[in-house]
Amino acid sequence: MNLIGYDGVSVVCAVLGGFILLFGFVSLFVKERLYLSEALVAVLVGFIVGPIGLEILVPQKWGNEEEVTKITKEFTRIVIAIQVMAAGVFLPKAYLYKEMKSLLCLIIPVMGWMWVASGFFIWLLIPGLSWLEALVIASCVTPTDPVLANSVVKGKFAEKHVPPHVRNVLSAESGANDGLGFPFLYAAVYLMTETTGAAIAKWIYFVCLYEIVLSCIIGFVVGYIARKVLYFSETRRLIDKESFLAFAIALALFLMGTVSLIGSDDILACFIAGNSVTWDDWLRKETEESHFQEVIDMLLNMAVFVYIGATMPWSSFTDSNLGLNIWRMIALGVLILVFRRLPLILVLYRWIPAIKTFREAVFSGWFGPIGVGSIYLSVVAQNAFEKDGPHHHVRKLIMPVVYFNALMSIIVHGCTIPVLKISQRINTRNLTSATFNNQVTRLPVLRHGQDLIFRAPKNEQNESNGKNASPSPVSTLTVVNDSDNVAISDSAPERPTPGTSQENRDTYESFGKDKDSSTKITIDVPDSISEEPQKSKTQQQLDRLRRPRFDSRNFSVYDEHENIIIEDEIEGMVYVIPRDPSTNFASGSKT
């Protein structure tokens, strides 16, 4: 289709605006009924409006090959920087410290295996490549993508079927390893272009120390300072709501620019800063109900995947001069998706605390998507070689191989959730077993008088005044046996308002340290409750209801007719209170 007076900016605005509007009309149905990721839909739209379809959005008209490649690099870099910042911000309190063992296991041995395994299949199936050249291409498909990972860590399916500890570790891994793809890339590049001794020395001092270690230090320090300054401004009412909500995005852009100017790893710095700025969980809780970050993420993600669909190098997939054909590419894509990550996760999951069961290991091993981060690294890898240099062959192969594997991942991982939804649940927190008698299994049963420890909610008065309370006292979830109806209630002592006198300040600071001041959340259980789990008549959970917000625990209460279910979302634990199904239960009601 030839457009009169072709204007690239106007075409981009028309295509993206029209797509977002049309998709928005059915977005809830697509994402929460069909369980299709918006990335998959956006790529399909890119195919339709791109050069192989209606020829409306043709990036090749924006400039020559080098200019389009530069646009690809900078566009994907911006999206990745904001996404890894968001991944860091939305992790639980001090997550990198608490799950250090899990992350180190996923980053060092698992990423190493992903690199070597991918390199082996590329070397095996793509003719004309040396082992080091194959490792260069493999380094681009090694990191997991935080954008595509959102399809399994966010949304209705994830909330219902994927335990929080699995969602968190997948999000943290995808945020961290996008910035950690450079050591693998430059290890191969330096060994190809330098002597062995010079390559090792340069890799250690420039990549490991200057790019990785320095970027981590910068990210942590900047995040710490930003958190303190933001808290100061918020508690003294110096910052407005709009600036407060845009803070994380602005911080990502600032770090992306400044760290890149000094030649360090800006992507990794953004992720570390995101976790540092919400180390105490304060910023995450203050912004989790605004959804501003999610709106920006959606706009950028849909735009970048439409762009990827439109720039897909279709002709290169079957370029015989490069030794490529469609069946060779499909075979390579299948082998990489199956063996790149899954086998080692299954071997090592017993040493990964965040992955607790074999089924969680299968799920975590399968969902290691290839996406925007890989496209960005492919441009970086391509720029590492001269166009007419001795490694021109691998330079030509990088983009088609990486793009095709990204396409395979978008399609396969984008369709996995609907398939899982139809076939079987992967939720390790299933409330009923799959056996014929449908008994409630694997869930600890709460007995009368048993306590569960949570964190107490913030004082409502302090929240209404816009002040951040000091750490709340420990609260106790207690099962008692003194009521005709099952209900949930909570009560908290009045938190004193800090005054100007030393006495008032001492009282305020000591609040919560006394055991007697602990908030108690009480579930009253009727006498007719049986001591053992009974056969459930339905597997349909009631809609999740609104709960009070806690400093380090969120819990949900479900009415399963013959059982009351209490779910600790942070720890992924589920508790069963068996009861007589004839009793009434006001789920989540406060008395």
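How each quantity is defined
Residues numbered from 1 in each chain as written. Predicted model: local features only at pLDDT ≥ 70, side-chain atom pairs only at ≥ 80, totals over all residues. Heavy atoms only, no water. Helix = DSSP H or I, 4+ residues; strand = E, 2+ residues; numbered from the N terminus. Buried < 20%, exposed > 50% of the residue type's maximum accessible area, 1.4 Å probe, protein only. Contact = heavy atoms within 4.5 Å. Areas by Shrake-Rupley, 256 points an atom, 1.4 Å probe, with all protein chains shown as cover. Axes fitted to C-alpha atoms, helices over the stretch in contact; angles between N-to-C directions. Parallel < 35°, antiparallel > 145°, perpendicular 65-115°, else oblique. Left-handed = near helix turned anticlockwise from the far one by under 90°. Nonpolar A, V, L, I, M, F, W, Y, C, P; charged D, E, K, R; others polar. Core = buried A, V, L, I, M, F, W, Y, C linked by side-chain atoms within 4.5 Å. Phe/Tyr/Trp six-rings, centres within 6.5 Å; stacked < 30°, edge-to-face > 60°. Salt bridge = Lys/Arg side-chain N within 4 Å of Asp/Glu carboxyl O. Expected span 1.5 Å × (residues − 1).

## A closer look at the overall build of the protein
Point 1. Each helix and strand in the protein was counted, giving 23 helices and 8 strands.
Point 2. Considering the protein as a whole, with its 591 residues, one finds that 54% of them fall into the buried category.
Point 3. A separation of at least 24 residues holds for 77% of the contacts in the protein among residues at least 6 apart in sequence.
Point 4. Summing over all exposed atoms, the protein offers an accessible surface of approximately 26300 Å²; the carbon and sulfur share of this is 61%.

## Brief notes about the packing of helix H6 (residues 131–141) against helix H10 (residues 182–193)
Point 1. H10 packs onto H6 with a crossing angle of 155° between their chain directions and a minimal axis gap of 8 Å. Accordingly, the angle class assigned to the pair H6 and H10 is roughly antiparallel. The element H6 and its partner H10 pack so that their crossing is left-handed. Across the interface between the two elements, Leu 132, Glu 133, Leu 135, Val 136 and Ser 139 of H6 pack against Phe 184, Leu 185, Ala 188, Val 189, Leu 191 and Met 192 of H10.
Point 2. Looking at the contact of H6 with H10, its residues break down into 9 nonpolar, 1 polar and 1 charged.

## A closer look at the nonpolar core
It is characteristic of soluble globular proteins that their nonpolar side chains tend to be buried jointly.
Point 1. Counting residues in each nonpolar core, the largest one holds 141 residues, and the members touching the most others are Met 85, Ile 122, Val 136, Ile 137, Phe 271, Phe 305 and Ile 398.
Point 2. In contact with Ile 137, not counting residues within four places along its chain, are Ile 122, Leu 129, Val 394, Leu 397, Ile 398, Val 401 and Val 402.

## Things to note about the packing of aromatic side chains
Point 1. This structure, assessed with the given rule, holds 20 aromatic pairs.
Point 2. Here the aromatic rings of Tyr 231 and Trp 282 are separated by 5.2 Å at their centres, their planes lie at 85°, and the arrangement is edge-to-face. Here Tyr 231, found in helix H11 (residues 196–235), pairs with Trp 282, found in helix H15 (residues 282–287); they are 51 residues apart in sequence, far enough to count as distant.
Point 3. Look at Tyr 231 and you get partly exposed, because its relative accessible area is 30%.
Point 4. According to the relative accessible area criterion, Trp 282 is buried, its value standing at 3%.
Point 5. The interplanar angle of 55° and the centroid separation of 4.7 Å between the aromatic rings of Phe 363 and Phe 367 together place this pair among those described as tilted. Grouping residues by exposure puts Phe 363 and Phe 367 together as buried.
Point 6. Counting every residue linked through ring pairs, the aromatic cluster contains Phe 120, Phe 121, Trp 123, Trp 131 and Phe 339.

## Some details on the pattern of salt bridges
Point 1. In total, this model carries 6 salt bridges according to the counting rule given.
Point 2. Among the salt bridges present, the one from Arg 341 reaches Glu 173, with a minimum N-O distance of 2.6 Å. Of the two residues, Arg 341 is situated in the loop between helix H17 (326–339) and helix H18 (342–348) and Glu 173 in helix H9 (residues 164–179); the sequence distance between them amounts to 168 residues. Neither Arg 341 nor Glu 173 differs from the other in exposure class; each is buried.
Point 3. The network of salt bridges with common partners includes Glu 74, Arg 77 and Asp 266.

## Quick notes on the environment of Glu 194
Point 1. Along the polypeptide, Glu 194 turns up in the loop between H10 and H11.
Point 2. Classification of Glu 194 as partly exposed rests on a relative accessible area of 34%.

## Observations regarding helix H20 (residues 372–383)
Point 1. Compared with an ideal rise of 1.5 Å per residue, which puts 12 residues at 16 Å, H20 spans 17 Å between its outermost C-alpha atoms and is within 8% of the ideal.
Point 2. All of the buried residues along H20 are Val 372, Gly 373, Ser 374, Ile 375, Tyr 376, Leu 377, Ser 378, Val 379, Val 380, Ala 381 and Gln 382.

## Remarks on H6
Point 1. With 9 of its 11 residues buried, H6 lies for the most part within the structure.
Point 2. The complete set of buried residues in H6 reads Glu 133, Ala 134, Leu 135, Val 136, Ile 137, Ala 138, Ser 139, Cys 140 and Val 141.

## Section: the side chain of Ser 233
Point 1. Structurally, Ser 233 can be placed in helix H11.
Point 2. Its relative accessible area of 15% is what places Ser 233 among the buried residues.
Point 3. Apart from residues lying up to four places away in sequence, Ser 233 is in contact with Leu 238 and Ile 239.

The quantities given are spatial measurements derived from coordinates; they are silent on function.
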